[in-house]
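# Observations on the model geometry
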Amino acid sequence: MNKKYYLITLGCQMNEHDSEVISAILENMGYLAAMGPEEADLIIINTCAVRKKPEDKVASLLGKFAALKNNNSGLMIAVGGCMSQQVDAAKYLKERFHHLDLIFGTHALPRLPELIRRAADKKETVIDIKEDYSDREGLSVAHSGSFKAWLPIIYGCNNYCSYCVVPYVRGRERSRSMTDILVEARELADHGFLEITLLGQNVNSYGQDLPGNETFADLLAELNRIKGLERVRFMTSHPKDLSNQLIDIVRTGEKICEHFHLPVQSGSNRILEMMNRRYTREYYLNLVGKIKTAIEGVSITSDIIIGFPGEEEDDFLATADLVKKARFENAFSFIYAPRKKTAAAAFQDNTTYREKELRLQRLNEIQHQVSKELNSLLTDQTVELLAEGPSKNDPEVQAGRTRTNKLVHFRSPTDQTGKLIKVKITEARTWNLVGEPVS
Ligand code: SAH
Ligand code: SF4
């Protein structure tokens, strides 16, 4: 009988994609997906280290899984991903959770089959958190969807924003070759995928480490030519490297979706400098203006950190003011969490957590108002959706996304999942829109 695996993914899209690679590795080894942890022979948690919450989640999950091991001595428990890649965290996991069989980092995927075999033979925890960037190109992907897919184009990050752990857990920037990316994109299109989302910590630095110095805009221009593909998305864009050439190809490339995820992090020049973001609020607002002027109907979303060490009321007000001026479709705001090894972890921080929570609330109120206003502009317009599936409670109520990545609910008696359809927007809300299909 085949063994079964249960895989839990925390964190970002890159992690979700890594989990698709892990699933393919396990399926090639003969494992089948389990419906729940109780029926699994192998449980893997693919962890996140960007903030504290996902790290705490790992401890609570491992506590729960320890109980399963009492009834099933053959059960193997493994922890992978960004949290395990950190030496301190790996040590903590090993000491605190004696039932752990395997700890592997973000660079270990090509070695996973061998690591699992070793863990099965060994009494003590097997650990592989080497920082060697072994080649992932040969690895297959078990896509979790059938009409939209993740496609990584660059791994790692060189930017060292002072608050961020990513460069430490994902290593230096490595662009995949344009040929490898195009081959994968064509294969996806041949298999009926309509939408791909290109992934990278900073897609705008794509190609800088390649011998031909291809740019991200060059890559988009090539992807735009692939028959069968209808939508190309990408994230994340670092504002400091966003080129005019990129704005141009998003404007002209009919498959390239009109959406930028352009994290600003703060609206205060003093804080931006301490964050090592390497742009000013004036530069950022000018860039937003340039994108909005060049590309009709474009949407811009952002990430913001509240309560960075040393953030005073004035700095916060500068961020609030930027949010009013930039008019993001949506902004994801997080309260700053110190991360080991990062420069900011040593910065003096005198603001109470309560004050930070209040700032977060104030900022969210401003953003929600803007989101609602921008959504209202779409009322009575007809937009194209890629339908993503029916709701749990009522199969006639279905959801889809616009090219600008807005969520739209609509009613249809037939299942439209995986199809491109046109709907007329009838109602605008803060988080989503409502529309009805038009023929
Ligand atoms: N590469 C992407 C971001 C990766 S992390 C970029 O450059 O934008 C995703 C988001 O998490 C960041 O944009 C930031 O807003 C938030 N984040 C990262 N480190 C954080 C920390 N230490 N505390 C709080 N939020 C953080
Ligand atoms: Fe982190 Fe900055 Fe790199 Fe984004 S660009 S992953 S925030 S260091």
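Residues numbered from 1 in each chain as written. Chains lettered and ligands numbered in written order. Predicted model: local features only at pLDDT ≥ 70, side-chain atom pairs only at ≥ 80, totals over all residues. Heavy atoms only, no water.

### Here's the deal with the nonpolar core
- One finds Ile153, Leu198, Phe216, Leu220, Leu223 and Ile291 to be the most contacted residues of the largest nonpolar core, which totals 56 residues.
- Residue contributions to this core peak at 6 residues, all from helix 7 (residues 178–190).
- Sequence-distant contacts of Leu198, defined by excluding residues within four places in its chain, comprise Leu151, Ile153, Val203, Phe216, Leu220, Leu223, Val232, Arg233, Phe234 and Met235.
- Ile8, Cys48, Ala89 and Phe97 belong to the second largest nonpolar core, which has 22 residues in total. (Core = buried A, V, L, I, M, F, W, Y, C linked by side-chain atoms within 4.5 Å. Buried < 20%, exposed > 50% of the residue type's maximum accessible area, 1.4 Å probe, protein only. Helix = DSSP H or I, 4+ residues; strand = E, 2+ residues; numbered from the N terminus. Contact = heavy atoms within 4.5 Å.)

### A word on the site of ligand 1
- By nearness alone, 15 residues border ligand 1, and Arg51, Gln201, Gln265, Asp303 and Ala337 come closest of all.
- In this structure, an oxygen atom belonging to ligand 1 sits 2.8 Å away from a side-chain N or O atom of Gln265.
- Between ligand 1 and the protein, one listed contact pairs a nitrogen atom with a backbone N or O atom of Ala337 at 2.8 Å.
- Calculation on ligand 1 without its partners gives an accessible area of 530 Å², and the protein chains cover 90% of this total.
- Sorting the residues of the shell around ligand 1 by element identifies strand 13 (299–306) and strand 14 (330–335) as the ones contributing at least two each.
- A per-class count over the shell around ligand 1 returns 8 nonpolar, 3 polar and 4 charged. (Near = heavy atom within 4 Å. Polar contact = N/O pair within 3.5 Å; in protein donor to acceptor, adjacent residues only side chain to side chain. Areas by Shrake-Rupley, 256 points an atom, 1.4 Å probe, with all protein chains shown as cover. Nonpolar A, V, L, I, M, F, W, Y, C, P; charged D, E, K, R; others polar.)

### Describing the sheet that holds strand 12 (residues 259–261)
- Strand order across the open sheet formed by 3 strands is 12-13-14, with parallel pairing between neighbours. Since the sheet does not close on itself, it has two edges, and those belong to strand 12 and strand 14, each with one partner. Put simply, the sheet's adjacent strands are angled 10 degrees from each other on average, direction ignored.
- Both strand 13 and strand 14 contribute to a ladder of 6 bridges, which runs parallel. (Pairing = 2+ DSSP bridges. Axes fitted to C-alpha atoms, helices over the stretch in contact; angles between N-to-C directions.)

### Observations regarding the domain arrangement of the protein chain
- We note that the domain assignment places domain 1 (4–128), domain 2 (148–376) and domain 3 (382–437) within the protein chain.
- Distance between the C-alpha centres of domain 1 and domain 3: 36 Å. (Domains from an automatic or database assignment.)

### Things to note about the site of ligand 2
- As a structural note, the neighbourhood of ligand 2 is formed by Cys157, Asn159, Tyr160, Cys161, Tyr163, Cys164, Val166, Pro167, Gln201, His238 and Arg277.
- Here the residues of the shell around ligand 2 sort into 7 nonpolar, 3 polar and 1 charged.

### Quick notes on the pairing of strand 19 (residues 433–437)
- Of the pairings in the sheet, the one linking strand 17 (residues 407–411) to strand 19 comprises 3 bridges and is parallel in character. Bridge assignment links Phe410 to a residue of strand 19, and that residue is Gly435.
- Of the strand pairs in this sheet, strand 18 (residues 420–428) and strand 19 are connected by 5 bridges, and their pairing is antiparallel. Paired with Glu427 across the two strands is Val434, which belongs to strand 19.
- The antiparallel hairpin formed by strand 18 and strand 19 contains 4 residues in its connecting segment.

### Description of the packing of helix 9 (residues 244–252) against helix 11 (residues 281–294)
- One way to put it is that helix 9 packs onto helix 11 with a least axis distance of 10 Å and a crossing angle of 30 degrees. Of the possible angle classes, the one that applies to helix 9 and helix 11 is roughly parallel. Two packed elements cross with a definite hand, and for helix 9 against helix 11 that hand is right-handed. Between helix 9 and helix 11, the residues in contact are Asn244, Ile247 and Arg251 and Lys290, Ile291 and Ala294, respectively.
- Split into classes, the residues belonging to the contact of helix 9 with helix 11 amount to 3 nonpolar, 1 polar and 2 charged. (Parallel < 35°, antiparallel > 145°, perpendicular 65-115°, else oblique. Left-handed = near helix turned anticlockwise from the far one by under 90°.)

### Thoughts on the packing of aromatic side chains
- In this structure the tally under the stated criterion is 10 aromatic pairs.
- Measuring from centroid to centroid gives 5.6 Å for Phe234 and Phe260, while their planes differ by 80 degrees, and the two rings are edge-to-face. Here Phe234 is found in strand 11 (residues 231–235), whereas its partner Phe260 is found in strand 12, with 26 residues between them in sequence.
- Residue classification places Phe260 among the buried positions, given a relative accessible area of 0%.
- Measuring from ring centre to ring centre gives 6.2 Å for Tyr284 and Phe328, while their planes differ by 70 degrees; the resulting arrangement is edge-to-face. (Phe/Tyr/Trp six-rings, centres within 6.5 Å; stacked < 30°, edge-to-face > 60°.)

### Some remarks on the sheet that holds strand 7 (residues 148–152)
- Here 3 strands make up an open sheet; going across it, the order is 7-10-11 and the pairing parallel. In this open sheet, the two strands that pair with only one neighbour each are strand 7 and strand 11. When the angles between neighbouring strand axes are averaged without regard to direction, this sheet yields 25 degrees.
- Across 5 bridges, the pairing between strand 10 (residues 195–199) and strand 11 is parallel. Considered in strand 11, the bridge of Ile196 is made with Val232.

### Details of helix 8 (residues 216–223)
- Residues Phe216, Ala217, Leu219, Leu220 and Leu223 constitute the buried set of helix 8. The arc that holds every buried residue of helix 8, seen down its axis, measures 155 degrees, which confines them to one face.
- Its buried side turned inward, helix 8 meets helix 7, strand 10, strand 11 and helix 9. (Arc of directions from axis to C-beta.)

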